[in-house]
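Results of the structural survey
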Amino acid sequence: MPCRAPCAESGFIRNDIYLQMDWLNTGIAPLKDLLAFLYKKSKTSDVHKKQLLIELRDNLNVFKNGFFNQSPYDAMIDLLSRDAIQDAIKENFSFKKLRSGIIHAPVIYDERNKKYIGWTTEKLIDKIDEKIIELRNIKKMNGGSVKDVRNNIALMMSNLYFRMKLLADFIQSE
């Protein structure tokens, strides 16, 4: 069992989940501002736009609270939602209503997101949706847990988080 008290050799709190989610530590401070922005932006009469913004905000909150509370990935995967994305697709919603144009370098604050330069809102949302499905399927195929899977769940979760954060940054840059 990992210790939750400061360890003598490192001075850091040792906890497997905490160490796996260390990538999120750098993104927490700017996340508060993004969450506040998404809350304000969701005050719209466009139902699908409102639902998508709320879902993005709620999913980012899952990561924030999961990090603070050192929650297991299984719980976080269960809490991630893609319902608004699916509803918008069914209704042929134009994702350009969230943010038109393509992602440019000045919008990218995280080095790892440079590969998304030139992407549209629709393409980024499609990849976010795809990753949520993939994580849920991996969990289902392994007895309801990602704890002992061969996939690099920490990397998959960090990729998902940074895609969601990029989407929020892109929307905010308008």
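In this convention, every chain numbers its residues from 1, walking through the sequence in written order. With the structure being a predicted model, the display of local features is reserved for residues of pLDDT at least 70 and the display and counting of side-chain atom pairs for 80 or more, all residues being used for whole-chain, interface and lining totals. Values shown for side chains rest on all heavy atoms present in the structure; no hydrogens or waters enter the calculation.

1. Some points on the confidence of the model for the chain
Here the chain averages 87 in pLDDT, and 83% of its residues register 70 or above. For every residue, the predictor states its confidence as a pLDDT score lying anywhere from 0 to 100. Helix and strand labels come from DSSP, where a helix needs a run of H or I of at least four residues and a strand needs a run of E of at least two; each type is numbered from the N terminus. Averaged pLDDT values over the elements of the chain bottom out at 47 in helix α1 (residues 16–20) and peak at 98 in helix α6 (residues 121–141). Contacts of residues 1–19 to residues separated by more than four positions or lying in other chains number 25 contacts, the stretch itself having pLDDT below 50. In this description, contact between two residues means that some pair of their heavy atoms is separated by no more than 4.5 Å.

2. Observations regarding the packing of aromatic side chains
Stacked, tilted and edge-to-face are the three classes applied to pairs of Phe, Tyr and Trp rings, where Trp contributes its six-membered ring and a pair requires centres within 6.5 Å; stacked means planes under 30 degrees apart, edge-to-face means over 60, and tilted covers the rest. Under the counting rule described, the total for this entry stands at five aromatic pairs. Here the aromatic rings of Phe93 and Phe95 are separated by 5.5 Å at their centres, their planes lie at 85 degrees, and the arrangement is edge-to-face. Note on classification: 1.4 Å probe, protein chains only; a residue is buried when its accessible area is under 20% of the maximum for its type, exposed when over 50%, partly exposed between these limits. Residue class for Phe93 comes out buried when judged on its relative accessible area of 9%. Taken together, Phe63, Tyr161 and Phe162 form an aromatic cluster joined through their ring pairs. For the cation-ring pair, Lys123 lies above Trp119, with the distance from its terminal atom to the ring centre recorded as 4.4 Å. Charge-over-ring placement is defined geometrically: NZ (Lys) or CZ (Arg) within 6 Å of the ring centre, and within 35 degrees of the ring normal.

3. Points about empty space enclosed by the protein
Rolled over the atoms, a probe as big as a water molecule pinpoints where empty space is left. In this analysis, the protein atoms alone were mapped onto a 1 Å grid. Cavities are point sets where a 1.4 Å probe fits without being able to get out; pockets are open sets with protein on both sides within 12 Å along at least five of seven lines; lining residues have an atom within 4 Å of a point. Grid points are joined across faces, edges and corners, and a volume is the space filled by probe spheres set on the points. Taken as a whole and judged by the stated rule, the model has one cavity of 30 Å³ or more. Estimates place the volume of the largest cavity at around 120 Å³. It is helix α3 (residues 47–68) that contributes the most residues to the lining of the largest cavity, five residues altogether. Following the grouping adopted for this structure description, the nonpolar residues are Ala, Val, Leu, Ile, Met, Phe, Trp, Tyr, Cys and Pro, the charged ones are Asp, Glu, Lys and Arg, and the polar ones are all others, Gly among them. Counted by class, the lining of the largest cavity contains eleven nonpolar, two polar and one charged residues.

4. Structural notes on the environment of Val107
One can find Val107 in the loop between α5 (83–90) and α6. Overall, Val107 belongs to the buried group, its relative accessible area being 8%. Sequence separation of Val107 and Leu167 is 60 residues, and the distance between their C-alpha atoms is 9.7 Å.

5. With respect to the nonpolar core
Proteins that are soluble and globular tend to have nonpolar side chains buried together. For our purposes a nonpolar core is just a set of buried Ala, Val, Leu, Ile, Met, Phe, Trp, Tyr and Cys residues, chained together by side-chain atoms within 4.5 Å. In this structure, Leu60, Ile153 and Met164 are the most contacted members of the largest nonpolar core, which totals 47 residues. Of all the secondary structure elements, the ones that give two or more residues to this core are α2 (28–41), α3, α4 (73–79), α5, α6 and α7 (153–172). For this core, the element with the highest residue contribution is α7, accounting for 13 residues. Apart from residues lying up to four places away in sequence, Met164 is in contact with Leu56, Asn59, Leu60, Phe63, Leu80, Ile128 and Ile132.

6. Considering the side chain of Asp169
Turning to its location among the elements, Asp169 is positioned in helix α7. Sequence-distant contacts of Asp169, that is, excluding residues within four places in its chain, are made with Leu34, Val107 and Tyr109.

7. Here's the deal with the packing of α3 against α5
For any two helices packed against each other, one specifies the crossing angle of their axes together with the interaxial distance. As a rule, the C-alpha atoms of each element are fitted with a line to give its axis, helices using only the stretch in contact, and angles between N-to-C directions run from 0 to 180 degrees. Their axes nearest at 8 Å, the elements α3 and α5 cross at an angle of 155 degrees. One element, α3, and the other, α5, form an angle in the roughly antiparallel class. Judged by the sense of rotation from one axis to the other, the crossing of α3 with α5 is left-handed. Residues His48, Gln51, Leu52 and Glu55 of α3 form the contact with α5, whose own contacting residues are Asp83, Ala84, Ile85, Asp87 and Ala88. Classifying every residue of the contact of α3 with α5 gives four nonpolar, two polar and three charged. Every angle not falling under 35 degrees, over 145, or within 65 to 115 is termed oblique; those three ranges are roughly parallel, roughly antiparallel and roughly perpendicular. Each crossing is labelled by how the near helix is turned from the far one, with a counterclockwise turn of less than a right angle marking it left-handed and a clockwise turn marking it right-handed.

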